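Below, each chain spelled out in residue letters.
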Amino acid sequence: TSVNDHQAHPATLVANGVPHLPGLLVSYDFSPIAVRHHGGRDNLLVFISSLVSIVGGVFVTVGLLTSCLVHSAKAVAKKVD
C-alpha cells in the first residue's frame, strides 16, 4: 500500500486551465478472513419441517395478496357505481 500526498490550490488550477475540481477517491479491497463450509445432510424431520414452513409461507403470502386484490377490486367497483 502506498500513500501519496498532493496539494493543489484552486487559484493555481484555474490559472493553468484545468477544467476539473480537486477530489478524493477512496477504494477498499475486502477479502474474507476464513470460509468454512460444512457439507452434510440434515435428518428427515428437519427437511419435512422446512418444507412445511415454506409451503405454509407460500399459502399465507398468496392469501394476503388475494385478499388485497379482492378488497381493491371491490373499492374500485364501489367508486365506479
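The structure under discussion appears in the preceding block.
For clarity, every value in this text was computed on a predicted model and none was experimentally measured.

Parameters at a glance
Residues numbered from 1 in each chain as written. Predicted model: local features only at pLDDT ≥ 70, side-chain atom pairs only at ≥ 80, totals over all residues. Heavy atoms only, no water. Helix = DSSP H or I, 4+ residues; strand = E, 2+ residues; numbered from the N terminus. Rg over C-alpha atoms; globule rule 2.2 N^0.38 Å. Buried < 20%, exposed > 50% of the residue type's maximum accessible area, 1.4 Å probe, protein only. Areas by Shrake-Rupley, 256 points an atom, 1.4 Å probe, with all protein chains shown as cover. Lys, Arg positive; Asp, Glu negative; His and termini not counted. Charge placed at Lys NZ, Arg CZ, Asp CG, Glu CD. Patch = residues over 30% accessible without salt bridge, like charges linked within 9 Å, V, L, I, M, F, W, Y side chains within 5 Å. Salt bridge = Lys/Arg side-chain N within 4 Å of Asp/Glu carboxyl O.

**Observations regarding the overall build of the chain**
Helix and strand counts for the chain come out as 2 helices and 0 strands. Taken against the 2.2 N^0.38 rule, which gives 12 Å for 81 residues, the C-alpha radius of gyration of the chain at 31 Å runs more than 25% over that of a compact globule. Projected onto the principal axes, the alpha-carbon positions of the chain cover approximately 70 × 60 × 10 Å. Counting across all 81 residues of the chain, residues that qualify as buried make up 1%. As displayed, the chain has an accessible area near 8,600 Å², and 64% of this comes from carbon and sulfur atoms. Looking at charge distribution, the chain has the averaged site of its 5 positive side-chain charges lying 21 Å from that of its 4 negative ones.

**As for a nonpolar patch on the surface**
A surface patch of nonpolar side chains, about 730 Å² in accessible area, is lined by L44, F47, I48, L51, V52, V55 and F59. With respect to the secondary-structure elements, I48 resides in helix α2 (residues 44–80). With relative accessibility at 42%, the residue I48 sits in the partly exposed group.

**Quick word on the environment of V60**
The residue V60 is located in helix α2 in this model. Note on V60: relative accessible area 51%, which makes it exposed. With 51 residues separating them along the chain, V60 and H9 place their C-alpha atoms 63 Å apart.

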